[in-house]
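Next come the chains, spelled out residue by residue.
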Amino acid sequence: MIRFEQVTKTYPGGFSALKNLNFSIDTGEMVFLAGHSGAGKSTVLKLICGIEKPTSGNVWLNTQSLGKLTDNQLSYMRQHIGIVFQDHKILFDRNVLQNVLLPLLIIGFDKKEAEKRALAAIEKVGLYGKEKMMPVSLSGGEQQRLCIARAVVHRPGLLIADEPSANLDRAYALDIMELFKSFHQVGVTVVISAHDETLMADYGHRILRLQEGQLKG
Ligand code: ADP
C-alpha cells in the first residue's frame, strides 16, 4: 500500500531529515515507526499523506506516486486517510459531536447521515455520552480519543498517527494503542510513530526504526 523508494527529504535551509529511505507497508498491516526526537518520524508521516513532498525519490500510495499529484488530487487522496497529528487542531469553541461532524460536512455528507456516523465514531473511541461536552472539559486522554474519532469518522483505509500517546500516562497510552489495534483488526492499515519503544513491544507488529533519517537494523 505504501512504498518509499530512495526517498530523501531536505528541508529549506539544507537539513536532510530523510536520506535514501526504502521500505514498504502492506495493506492491512500495523506498523510502528520508532526513533529519537528528530529522527524523521513526522517527516515520513507527512510524506505518506502528501503534506510534504520528497526532495528526491518516490513515495507510492497504492499505484500513485504522490510527488506527481496536483493539490486537488492530494486533497481527494487525503479523504481516504485518517490523520492524527500532534497539533490536535481540536476546535475548542465546538462540542465533541460538532468536532467529529466537521470532516464529514466538509466532504459533503448529508447532515443526518453525518450525525449517525459521528456518533458511531464517538462510541467507538469510548466517548459515548460526552458528545455534547466542550473539549476543554475533557482529559488529555479523552481529547486524544476525540482526535481519533475525527480521524476515523470517514472510515479511512489508512490511519496515520504521529506520537498519539506522547503526552499521556502509560496506562492511557496503552489504552490508545489498544484502540489503534482495534482498527487494525477490522482491516485498516495503521502506521503509528512513537519515541517510546516499550509501548510497541507487546504487540508483535513490525517496527521501523529511524536514526538520523535512515532505517537501522
Ligand atoms: P521526529 O518526528 O522523529 O521528531 P521530524 O521528522 O519532525 O522528526 O524532524 C526531522 C528533522 O527535520 C529535525 O531535525 C527537524 O528539525 C527537521 N525539520 C522538520 N520539519 C522541518 C521544517 N519544516 N523545516 C526545517 N526543518 C525541519
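Here, every reference points to the structure presented above.
Quick caveat, the model's predicted, so the values are computed rather than measured. (Residues numbered from 1 in each chain as written. Predicted model: local features only at pLDDT ≥ 70, side-chain atom pairs only at ≥ 80, totals over all residues. Heavy atoms only, no water.)

Enquirer: Tell me what's going on with the overall build of the protein chain, and back it up with residues and numbers.
Expert: Scanning the protein chain from terminus to terminus reveals 6 helices and 10 strands. Here the C-alpha radius of gyration of the protein chain, 17 Å, is about what a compact globule of 217 residues would show, namely 17 Å. In terms of its C-alpha atoms, the protein chain occupies a principal-axis envelope of roughly 45 × 40 × 35 Å. Here the protein chain holds 217 residues, and the buried ones make up 47% of them. Contacts in the protein chain between residues at least 24 apart in sequence constitute 71% of all its contacts with a sequence separation of at least 6. (Helix = DSSP H or I, 4+ residues; strand = E, 2+ residues; numbered from the N terminus. Rg over C-alpha atoms; globule rule 2.2 N^0.38 Å. Buried < 20%, exposed > 50% of the residue type's maximum accessible area, 1.4 Å probe, protein only. Contact = heavy atoms within 4.5 Å.)

Enquirer: I'd like to hear about the state of the cysteines, residue by residue, with values.
Expert: All chains considered together, the criterion is met by 0 disulfides. As a non-bridged cysteine, cysteine 49 has cysteine 147 as the owner of its nearest cysteine sulfur, 15 Å distant. Here cysteine 147 falls in the buried class, since its relative accessible area comes to 3%. (Disulfide = S-S within 2.5 Å.)

Enquirer: An account of the pattern of salt bridges is requested, with residue identities and associated values reported.
Expert: Tallying each qualifying case throughout the model produces 11 salt bridges. Note that glutamate 113 and lysine 116 form a salt bridge whose closest N and O atoms lie 3.7 Å from each other. Here glutamate 113 pairs with lysine 116, and both are found in helix H4 (residues 111–124), just 3 residues apart, close to one helical turn. In this structure glutamate 113 comes out as partly exposed when scored by relative accessible area, which is 28%. A salt bridge links aspartate 196 to arginine 170, with the shortest nitrogen-to-oxygen separation between them at 3.9 Å. On the criterion of sequence distance, the pair formed by aspartate 196 in the loop between strand S8 (189–194) and strand S9 (206–211) and arginine 170 in helix H6 (residues 170–185) is long-range, its members being 26 residues apart. Among the residues examined, arginine 170 registers a relative accessible area of 42% and is labelled partly exposed. (Salt bridge = Lys/Arg side-chain N within 4 Å of Asp/Glu carboxyl O.)

Enquirer: I'd love a proper account of H6, names of residues and values included.
Expert: For H6, spanning 16 residues, the distance from its first C-alpha to its last is 22 Å, which sits close to the expected 22 Å at 1.5 Å a residue. What H6 keeps buried is the set Ala173, Ile176, Met177, Leu179, Phe180, Ser182, Phe183 and His184. The inward-facing, buried residues of H6 contact strand S3 (30–35), strand S6 (81–84), H4, helix H5 (140–152), strand S7 (158–162) and S8. (Expected span 1.5 Å × (residues − 1).)

Enquirer: An account of the site of the ligand is needed here, citing residue identities and associated values.
Expert: The local shell around the ligand consists of Tyr11, Phe15, Ala17, His36, Ser37, Gly38, Ala39, Gly40, Lys41, Ser42 and Thr43. At 3.1 Å, a backbone N or O of alanine 39 approaches an oxygen atom of the ligand. Between the ligand and the protein, one listed contact pairs an oxygen atom with a backbone N or O atom of serine 42 at 2.8 Å. Against a free-state accessible area of 560 Å², the protein chains account for coverage of 64% of the ligand. Sorting the residues of the shell around the ligand by element identifies strand S2 (15–25) and helix H1 (41–48) as the ones contributing at least two each. Looking at the shell around the ligand element by element, the count peaks at 3 residues for H1. Each residue belonging to the shell around the ligand can be placed in one class, and the counts come to 4 nonpolar, 6 polar and 1 charged. (Near = heavy atom within 4 Å. Polar contact = N/O pair within 3.5 Å; in protein donor to acceptor, adjacent residues only side chain to side chain. Areas by Shrake-Rupley, 256 points an atom, 1.4 Å probe, with all protein chains shown as cover. Nonpolar A, V, L, I, M, F, W, Y, C, P; charged D, E, K, R; others polar.)

Enquirer: Describe in detail unusual backbone geometry, supporting the description with residues and values.
Expert: One non-glycine residue with positive phi stands out, namely glutamine 6, at about 50 degrees. With respect to the helices and strands, glutamine 6 occurs in strand S1 (residues 2–11). Take glutamine 6: its relative accessible area is 43%, and that puts it in the partly exposed class. For asparagine 62, which is not glycine, the phi dihedral falls at a positive 55 degrees. Looking at the secondary structure, you find asparagine 62 in the loop between strand S4 (56–61) and strand S5 (64–65).

Enquirer: Break down the packing of H5 against H6 for me, with residues and values.
Expert: Across the interface, H5 lies against H6 with an axial gap of 11 Å and an inter-helix angle of 15 degrees. With respect to H6, the axis of H5 lies roughly parallel. Crossing hand, H5 versus H6: right-handed. Taking contact as the criterion, the partners of Gly141, Gln144, Arg145, Ile148 and Val152 in H5 are, on H6, Asp175, Ile176, Leu179, Phe180 and Phe183. In terms of residue class, the contact of H5 with H6 is made up of 6 nonpolar, 2 polar and 2 charged. (Axes fitted to C-alpha atoms, helices over the stretch in contact; angles between N-to-C directions. Parallel < 35°, antiparallel > 145°, perpendicular 65-115°, else oblique. Left-handed = near helix turned anticlockwise from the far one by under 90°.)

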